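Observations on the three-dimensional arrangement
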Amino acid sequence: MMIPIIFVMPIVQLLILSYTATFEIKNVSIAFVDNDHSNLSRELISKFNGSKFFTVKEISPALKLLDEPMRNRRVEIILKIPSGFENKITKGQNADVQIITDAVNGSAANLMTYYASMILLDFNKSIITQTTGMNMTKAGITVEPRFWFNPELDYKTYMVPGILVLLITLIGAFLSGMNVVREKEIGTIEQLNVTPIKKHQFIIGKLFPFWIIAMVDLSFGLLLAKIIFSIPIVGSVWLILGVAAVYLLLVLGIGLFISTITETQQQAMFIAWFFFVIFIMLSGLFTPVEAMPRWAQMLNILNPIAYFIDFMRLVMLKGATVTDVLPQIFKISVYAVAMLGFSILRYKKRA
Amino acid sequence: MKGFIIKEFLQIFRDYRSMVILFGIPVAQIMLFGFALNMDLNNAHIAIADKSHDVYSTELINKIEASDYFIIDRFINSEKEIAPAFRNGSVKEVIVIPPDFSKNLLAGESTVIQVIADASDPNTANILNNYTTAVISDFQKELIKKHGNIPLIEPKIRFRYNETLKSVYMFVPGVFTVILMLVSAMMTSISIAREKELGTMEILLVSPIKPVQIIIGKVLPYVILSFINASVILLLSYFIFGMPFNGSVPLLLGEALLFIIMSLSLGIFISTVSDSQQTAMMLSMFAMLLPTILLSGFVFPIKNMPWILQQISHVMPSKWFIIIVKGIILKGAGIADLWKETVIILGMTLVFIGLSVKKFNIRLSEN
């Protein structure tokens, strides 16, 4: 039972979950309230219909009628074209268009609205060209985006190293966190205590298998990243494996520490889950660290996952060398020695 | 039976350390994530390469500086300075204004502004690029306005259900779901696996208490504990994070109770397939933590995932519960809107209970 969990589960998770991340928006369901019924309003609607971002779901006579579809997520954005729209525009006056977005998911709402206003702006430009003869399509500012390190904005490049780090961290921490406390709970620790085995020998013997398991998982994951996800590993693989070896000592040290302060496996598990969920959520994998308040960024000083994801990205994606990541290596090493040393001291053989 | 339930209650409530953990953890997590997690970038550090130094380029730079999105970290003179700035992470984006910016614009010629983003974090890069484009289009509109009599379409934007686009509205329902689901599944799976591991399950089985009663006795205290937890989290999200609670609170509590029972049934099922606490925990935590966060629409919208992942997400109970919670709290949805999701969670509960009973009976007949 344990073997598939330890070796197969991480691989399956890596393969599936790496595809979850995307903030790209396509096929947004849009509805129109057309109170103008003019050629211009129809032209605007067909402009949206032609865009790959939007799918026109319905055209409704009143805003009220769209309340229910929006509540049930069949319509995500509504554009209301007021009466007199065409009239005003042909007279050269300004006209308002109302955009109503389902903002339950804030970041997606922002993006949808942004795309809608860009289409409006384009439409506006072509009208100006028609009515005034100014060549708006040629004149004006074009924004040309360039995305360095990841030109196609491929989220997998970003997620795979991150998820891999999460998986080996959780494996290491949960296994080591529950292990010593298990001996306590079942009572076998007493038997170990009367054997001539030394404290550090005992701990090395306990932790070594987990260290091997996590290293195997990591190597396999890197292989998959290269072969299946074809993620360019720009930096040195040996550097990654070397620092990972130290990082895992840190993770196992945290697990061992949790084991020493708890009495039952249930308690150990809760504490491990508490800390590691916090570490995961604050690591910057899902939300940008820069967007967090100062105190939360300070908490990340204690966050091993944040350090290691940062290191992995620098080496894997940006090709950083040993000298570039010296600060990260230093922090991980000091943290590992401190954590492991502290846990071994705390662990009393006669516990 | 009654005695057995009372015993289970006492056993749980007397373990003060576990009680502190059980109630402390969800509260601490919801507070932490409610305040810390944020999707919107403010004050991103950028650099500008201004190759024009003329009226319009200065005007545009002032406009960028005035927006909340950006802090102009430095001005650079050549593209060579971009790489080192990205590598040490001090700058996330560089805006390059081309030479003869004003001249070209006044002559009605086109001009290209390059926006170079550090896309090692594609999400941040994408958001920043959109902000920049928005600021530049605004600038362009102002220029057009100066020409006078030109028809402009002004979008009036309203964000429904979340006027100010607060990230907390998105994270609180998600964290609520993850906590309820994992804590409930974990607690039951471990506590039953524990009896197996310590060998006390056999003793219970030969006692006159029926297996069903054993399970009910084991689970009931956790139903109550989790329900208290859920209520505390909802109170916090109302009083501290100002969640609007547009829908019916009794409906929300009822749905929460159903979801708790579903999670506990899942926990029972996990315990029937695992022989030790460690296996139970690896299944309920390691196997479920990341999928619950990533495949439920908590962080990433399911709609944009590849087709196959969308199908997988249908079997994630958390996906349906997040829809329910967001629907009731933010949209004021009622049971008429949410009956489908409710039926799905109910169905999942029955499946888990059915599977557990089957597994349990097989085990008994083997003995």
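Residues numbered from 1 in each chain as written. Chains lettered and ligands numbered in written order. Predicted model: local features only at pLDDT ≥ 70, side-chain atom pairs only at ≥ 80, totals over all residues.

As a further point, take the overall build of chain B. Secondary structure assignment for chain B yields 15 helices and five strands. Rg of the C-alpha trace for chain B: 28 Å, well past the compact-globule value of 21 Å for 367 residues, more than 25% over. Across its three principal axes, chain B shows a C-alpha extent of roughly 95 × 45 × 40 Å. For chain B, with 367 residues in total, the buried portion stands at 43%. (Helix = DSSP H or I, 4+ residues; strand = E, 2+ residues; numbered from the N terminus. Rg over C-alpha atoms; globule rule 2.2 N^0.38 Å. Buried ≥ 20, exposed ≤ 12 C-beta atoms within 10 Å, placed from the backbone.)

Taken together, the contact pairs 97 residues of chain A with 95 residues of chain B. Secondary structure elements with two or more residues in the side of chain A that touches chain B: α1 (2–17), α3 (67–71), β4 (95–102), α5 (106–132), β5 (140–148), α6 (155–186) and α10 (265–282) of chain A. Among the elements that line the side of chain A that touches chain B, the one with the most residues is α5 of chain A, at 17 residues. Grouping the amino acids of the side of chain A that touches chain B by side-chain chemistry returns 58 nonpolar, 26 polar and 13 charged. In the sheet, β4 of chain A pairs with strand β5 (residues 153–160) of chain B via eight bridges, with the strands oriented parallel. Within β5 of chain B, the residue paired with Asp102 of chain A across the bridge is Arg160 of chain B. (Contact = placed C-beta atoms within 7 Å. Nonpolar A, V, L, I, M, F, W, Y, C, P; charged D, E, K, R; others polar. Pairing = 2+ DSSP bridges.)

What follows covers the domain arrangement of chain B. Partitioning chain B into domains gives domain 1 (2–37 + 165–366) and domain 2 (44–146). Inter-centroid distance (C-alpha atoms) of domain 1 of chain B to domain 2 of chain B is 48 Å. (Domains from an automatic or database assignment.)

Ranked by internal contacts, the top residues of the largest apolar core, which has 208 residues, are Phe174 and Met269 of chain A together with Leu182 and Met285 of chain B. Ignoring any residue separated from it by four or fewer positions in sequence, one finds Leu182 of chain B in contact with Trp273 of chain A together with Ser284, Met285, Met288, Leu289 and Thr292 of chain B. (Core = buried A, V, L, I, M, F, W, Y, C linked by C-beta atoms within 7 Å.)

All names here are of chain A. The geometry of α6 relative to α10 is characterised by a closest axis approach of 9 Å and an angle of 160° between their N-to-C directions. Between α6 and α10, the angle is such that the two are roughly antiparallel. Helix-helix and strand crossings are classified by hand; for α6 and α10 the assignment is right-handed. Residues Leu166, Leu170, Ala173, Phe174, Gly177, Met178, Val181, Arg182 and Glu185 of α6 lie in contact with α10, whose contacting residues are Gln265, Ala268, Met269, Ala272, Phe276 and Ile280. (Axes fitted to C-alpha atoms, helices over the stretch in contact; angles between N-to-C directions. Parallel < 35°, antiparallel > 145°, perpendicular 65-115°, else oblique. Left-handed = near helix turned anticlockwise from the far one by under 90°.)

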